[in-house]
Amino acid sequence: GLAGLQSPLMRNIPLLGPMFFQHSGFPYVALVFVFGTWLLLERSAIGLAIRATGESPRAADEVGLNVWAIRYGCVIYAGLMAGLGGGYLSLVAIHTFTENMTNGAGYLAITAVIFGGWGIWRTFLACLLFGFATDLQFVAPTIGLDVPVAVFMMLPYVLALLAIGGVMGTNRPPAALSMPFRRGT
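The notes below deal with the structure included here. Because the structure is a prediction, the values reported are computed rather than measured.

Some thoughts on helix α2 (residues 26-43)
For α2, spanning 18 residues, the distance from its first C-alpha to its last is 25 Å, which sits close to the expected 26 Å at 1.5 Å a residue. Where α2 is buried, its residues contact α3 (45-55), α5 (67-93) and α7 (120-139).

The structure is reproduced here in structure tokens:
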């Protein structure tokens, strides 16, 4: 639930208890979705169709795949995942809705995908890196780091600029990303 996973036995385990058993169930749901998305994309016929549509929608159409249905389905799924993230942010992390509460998180999410090389597990690790960098602004003062908080506030965006700028390596997005599809042209 929203109150957290409060297991009396597990939450008292040194170091691991507070990390895993004193927060909401949203992170566990997110992990299930990451694993489920990986299974869907990498181990199923639907995933093959999605990847084929991303690389060559014309070829996918020629073999009988409904390119529009696949693309719309992926956009709807991405919207549901963004809604889950927004639900976590407003209901659990901040406990309220405020204007501009995402504060560039969408930009960081897109950057994490690019930084992750368009692969699920690398993107997951990039999200963890950006999340860690974002959380440093809150953790640094409590552990006694004598660095201005503004440095930690800009850290995720500096990492994002480095990732987008290609400093962290190069990778290739799906060939038909953001390309409109017109049947028969």
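A short note on a nonpolar patch on the surface
A cluster of nonpolar residues, Phe 138, Val 139, Ile 143, Leu 145, Val 147, Val 151, Met 154, Val 158 and Leu 162, forms a patch on the protein surface that exposes about 740 Å² of accessible area. Going through the elements one at a time, α7 and α8 (149-164) are the ones with two or more residues in the nonpolar patch. A per-element tally of the nonpolar patch places α8 first, with four residues. The class of Ile 143 is exposed, set by a relative accessible area of 56%.

A short note on the nonpolar core
Core analysis: the largest hydrophobic core is formed by seven residues, namely Leu 108, Ala 112, Ala 126, Phe 130, Ala 133, Leu 159 and Ala 160. Listing elements by their share of this core, those giving two or more residues are α6 (105-115), α7 and α8. Element by element, the count of residues in this core is highest for α7, at three residues. Setting aside its immediate chain neighbours within four residues, Ala 112 contacts Thr 123, Ala 126, Cys 127 and Phe 130.

Notes on the pattern of salt bridges
Throughout the structure, instances matching the rule amount to three salt bridges. The partner of Glu 55 in a salt bridge is Arg 172, and the shortest N-O contact between them spans 3.1 Å. With Glu 55 in helix α3 and Arg 172 in the segment after α8, this pair connects stretches of sequence that are 117 residues apart. Its relative accessible area of 54% is what places Arg 172 among the exposed residues.

Thoughts on the packing of aromatic side chains
Given two aromatic rings, one states the distance between the centres and the angle between the planes to describe the pair. The full count for this structure, using the stated rule, is six aromatic pairs. Taken together, a centroid distance of 5.6 Å and an interplanar angle of 35° make the contact between Phe 35 and Trp 38 tilted. One end of the pair is Phe 35 and the other is Trp 38, both in helix α2 and three residues apart, which spans about a single turn. For Phe 35, a relative accessible area of 43% puts it in the partly exposed group.

About the criteria used
- Residues numbered from 1 in each chain as written.
- Predicted model: local features only at pLDDT ≥ 70, side-chain atom pairs only at ≥ 80, totals over all residues.
- Heavy atoms only, no water.
- Helix = DSSP H or I, 4+ residues; strand = E, 2+ residues; numbered from the N terminus.
- Expected span 1.5 Å × (residues − 1).
- Contact = heavy atoms within 4.5 Å.
- Patch = residues over 30% accessible without salt bridge, like charges linked within 9 Å, V, L, I, M, F, W, Y side chains within 5 Å.
- Areas by Shrake-Rupley, 256 points an atom, 1.4 Å probe, with all protein chains shown as cover.
- Salt bridge = Lys/Arg side-chain N within 4 Å of Asp/Glu carboxyl O.
- Buried < 20%, exposed > 50% of the residue type's maximum accessible area, 1.4 Å probe, protein only.
- Core = buried A, V, L, I, M, F, W, Y, C linked by side-chain atoms within 4.5 Å.
- Phe/Tyr/Trp six-rings, centres within 6.5 Å; stacked < 30°, edge-to-face > 60°.

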